[in-house]
Amino acid sequence: MAVTGAILVLFLVGHMVGNLKSFFGADSFNHYAEWLRTVGTPAVPDRVLLTVIEIVLVVAVVLHMWSAVSLARRASQARPVKYAAKRKSQANGYATHTMRYGGVIIVLFVVWHLLDMTFGTVNPKGFDAEPFDRLVAGFDPSRWWVTLFYVVAMVMVGLHLRHGLWSAFQTLGLASGRSYGKLKATAALVSLVLVVGFLSVPVGVMIGVIK
Amino acid sequence: MNLTLKVWRQNGPSDEGRMVTYKVEDVSPDMSFLEMLDVLNERLILEGDDPVAFDHDCREGICGMCGMVINGVAHGEQRATTTCQLHMRHFKDGDEVTIEPWRAAPFPVVKDLVVDRSAFDRIIQAGGFISVPAGSAPDAHSVPVKKEDADAAFDAATCIGCGACVAACPNGSASLFTAAKITHLGLLPQGQPERDSRAKAMVEQMDLEGFGGCTNTGECTAVCPKGIPLDTIARMNADFLKASK
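Residues numbered from 1 in each chain as written. Chains lettered and ligands numbered in written order. Predicted model: local features only at pLDDT ≥ 70, side-chain atom pairs only at ≥ 80, totals over all residues. Heavy atoms only, no water.

This paragraph deals with the overall build of chain B. Within chain B, the secondary structure is distributed over 8 helices and 7 strands. Expressed as a percentage of its 245 residues, the buried residues of chain B come to 51%. Restricting to contacts in chain B with at least 6 residues of sequence separation, those with at least 24 account for 67%. Total accessible area computed for chain B in this model is approximately 11000 Å², and 52% of it derives from carbon and sulfur atoms. If the 23 positive side-chain charges of chain B are averaged to one point and the 35 negative ones to another, these points end up 5 Å apart. (Helix = DSSP H or I, 4+ residues; strand = E, 2+ residues; numbered from the N terminus. Buried < 20%, exposed > 50% of the residue type's maximum accessible area, 1.4 Å probe, protein only. Contact = heavy atoms within 4.5 Å. Areas by Shrake-Rupley, 256 points an atom, 1.4 Å probe, with all protein chains shown as cover. Lys, Arg positive; Asp, Glu negative; His and termini not counted. Charge placed at Lys NZ, Arg CZ, Asp CG, Glu CD.)

What follows is the structure in structure tokens.
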């Protein structure tokens with residue numbers, strides 16, 4: 001969970017920063033999208049580095065989900081008889097309790113997001129349009145439900161990382177008594193920055209800053 | 001005060017078990033939770049019923065025998081307290097109190113609220129010891145220990161093995177218990193020779209017993225009557241990763 005999660009967090013940071021290019025206009029964003037495909041050229045052919053990253057991400061996602069499913073299965077085997085009284089959480093960790101269903105929401109979102117922005121299948125402009133046009137059309141105010149889904153998914157990502165980030169350090173044995181305060185504060189800050197960064201784009205399209 | 005208890009009754013390991021409702025009257029606020037159960041049991045015996053079986057020994061909060069889930073919280077909602085040190089003044093007249101045994105596959109119910117915690121003994125047997133040369137006691141201070149290490153080791157060593165961490169964990173994990181033992185030995189010079197093999201053997205035994213995996217929810221340390229900190233689990237993970245290389 002920790003290692004694959006770390007790979008995915010690094011991806012999210014890069015993805016969020018790249019998204020912000022949309023505030024600098026169509027050319028900047030389209031040029032960035034083009035750069036992603038040609039980075040490394042001419043040392044390696046077009047799309048090679050991008051494909052490598054895509055493969056790493058897919059493997060990370062699959063292993064992350066596999067770990068989550070095996071942990072959940074072990075958990076249900078470890079407690080075959082449930083408590084009759086409602087279990088009251090004593091640890092005050094709201095984010096912690098969203099990890100499993102939040103993860104499912106995030107994976108559904110990723111599927112939609114790829115169909116929308118990468119393959120253009122469910123995008124009004126389709127696959128052949130420029131990336132920036134797909135972006136603006138995708139978050140058109142008439143498709144408010146898409147934006148709403150996006151907001152819900154991003155909040156889930158934020159909660160996922162709120163627990164996941166410090167938790168990864170704990171799992172890898174890198175946390176110690178004195179570092180919990182700092183680790184949890186950093187987790188909250190990084191989650192917040194990512195959520196705000198990701199949400200700024202659809203909100204920008206909605207209010208017409210990005211057009 | 002008068003209480004309504006909903007207690008898990010199970011005649012034996014193979015019985016299916018059920019929740020049974022009892023009224024307990026004239027409970028003094030000064031009674032401990034176990035004394036309140038004693039009152040119920042005396043009445044059940046007089047009525048010719050089978051008393052509610054529960055584990056208890058020292059009733060001073062240091063043996064780790066008494067353990068039950070009270071209203072969905074291991075050892076009840078009062079922090080850093082064993083069931084025997086929980087007093088009835090924390091309840092109100094007319095309260096309904098649900099009492100259940102620890103729920104975990106590696107802790108099978110023996111009878112009513114009594115569970116078999118031998119799984120913990122087997123984890124200890126797998127590596128929770130140090131091999132020392134027998135002989136006369138060594139001189140004091142012949143092996144210096146840093147104050148911080150001594151303190152942290154002692155904090156971990158206060159674990160009484162009650163099993164509340166397992167009962168509270170949504171994953172049914174025994175990580176806090178195992179980590180407390182690994183930390184208390186691993187921080188001291190006497191524990192160094194077997195440090196790696198200990199972490200590996202104890203974690204493997206923990207998994208073998210059928211406990212769940214740790215997802216860092218922190219529920220264990222929140223209910224631990226001795227307040228064993230979560231960083232013991234980080235230390236266990238570090239030792240285990242080092243030993244697995």
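For the rest of this paragraph, the subject is the pairing of strand β1 (residues 3-9) of chain B. Residue and element names in this part refer to chain B. Counting buried positions along β1 yields 6 of 7 residues, so the element is predominantly enclosed. By the bridge criterion, 7 bridges tie β1 to strand β2 (residues 18-24) in an arrangement that is antiparallel. Bridge pairing links Trp 8 to Met 19 in β2. Taken together, the 4 bridges between β1 and strand β5 (residues 96-100) define a ladder with parallel strand orientation. Within β5, the position partnered with Thr 4 by the bridge is Glu 96. (Pairing = 2+ DSSP bridges.)

A few words now on the domain arrangement of chain B. All names here are of chain B. Here chain B is described as being made up of domain 1 (3-110) and domain 2 (117-130 + 145-244). Distance from the C-alpha centre of domain 1 to the C-alpha centre of domain 2: 27 Å. The interface is formed by 18 residues belonging to domain 1 together with 19 residues belonging to domain 2. With both sides pooled, the region where domain 1 packs onto domain 2 buries about 1400 Å², and carbon together with sulfur makes up 63% of that total. For the domain 1 face of the interface with domain 2, the top three residues by lost area are Trp 102, Pro 106 and Phe 107, together amounting to 38%. Linking domain 1 with domain 2 are 1 salt bridge, by the criterion used here. Residue Asp 55 pairs with Arg 117 through a salt bridge whose shortest N-O separation is 3.3 Å. Class assignment of the residues belonging to the side of domain 1 that touches domain 2 gives a composition of 11 nonpolar, 5 polar and 2 charged. (Domains from an automatic or database assignment. Buried area = accessible area lost by both parts, 1.4 Å probe. Salt bridge = Lys/Arg side-chain N within 4 Å of Asp/Glu carboxyl O. Nonpolar A, V, L, I, M, F, W, Y, C, P; charged D, E, K, R; others polar.)

Turning to the nonpolar core, a few remarks are in order. Formed by 71 residues in total, the largest nonpolar core has its most connected members in Met 154 of chain A together with Trp 102, Phe 107, Phe 120, Val 166 and Phe 211 of chain B. Residue contributions to this core peak at 10 residues, all from helix α6 (residues 144-171) of chain A. Residue contributions to this core reach at least three from each of two domains, namely domain 1 (3-110) and domain 2 (117-130 + 145-244) of chain B. By size, the runner-up hydrophobic cluster in this structure holds 26 residues, among which are Leu 3, Leu 5, Tyr 22 and Val 52 of chain B. (Core = buried A, V, L, I, M, F, W, Y, C linked by side-chain atoms within 4.5 Å.)

Bringing the side chain of Arg 143 of chain A into the picture now. Residue and element names in this part refer to chain A. Mapped onto the elements, Arg 143 comes out in the loop between α5 (131-138) and α6. In this structure Arg 143 comes out as buried when scored by relative accessible area, which is 11%. Only 3.2 Å separates the side chain of Arg 143 from the backbone oxygen of Val 122, close enough to count as a polar contact. (Polar contact = N/O pair within 3.5 Å; in protein donor to acceptor, adjacent residues only side chain to side chain.)

Another aspect to go through is unusual backbone geometry. The peptide bond linking Thr 41 of chain A to Pro 42 of chain A adopts the cis configuration, its omega dihedral lying at 10°. Here Pro 42 of chain A is to be found in the loop between α2 (26-38) and α3 (48-78). Of note, Asp 26 of chain B is a non-glycine position whose phi angle comes to about 55°, a positive value. Its location among the elements puts Asp 26 of chain B in the loop between β2 and α1 (33-46). You can call Asp 26 of chain B exposed: its relative accessible area is 67%. Of note in the backbone geometry, His 75 of chain B takes a positive phi value of approximately 65° without being a glycine. Take His 75 of chain B: it is sitting in the loop between β4 (73-74) and β5. Since its relative accessible area comes to 0%, His 75 of chain B is described here as buried.

Residues and elements named next belong to chain A. Counted according to the given criterion, the structure contains 12 aromatic pairs over all chains. The interplanar angle of 25° and the centroid separation of 6.3 Å between the aromatic rings of Tyr 32 and Trp 35 together place this pair among those described as stacked. A residue pair is termed a helical-turn pair when its members lie 3 or 4 positions apart in one helix, as Tyr 32 and Trp 35 do in helix α2 at 3 residues. The class for Tyr 32 is buried, based on a relative accessible area of 18%. Ring geometry for Phe 139 and Tyr 150: centres 5.0 Å apart, planes at 85°, overall edge-to-face. In this pair, Phe 139 is assigned in the loop between α5 and α6 and Tyr 150 in helix α6, connecting sequence segments 11 residues apart. A single burial state applies to Phe 139 and to Tyr 150, both of which are buried. By the ring-pair criterion, three or more aromatic residues cluster together here, those being Phe 109, Phe 139, Phe 149 and Tyr 150. (Phe/Tyr/Trp six-rings, centres within 6.5 Å; stacked < 30°, edge-to-face > 60°.)

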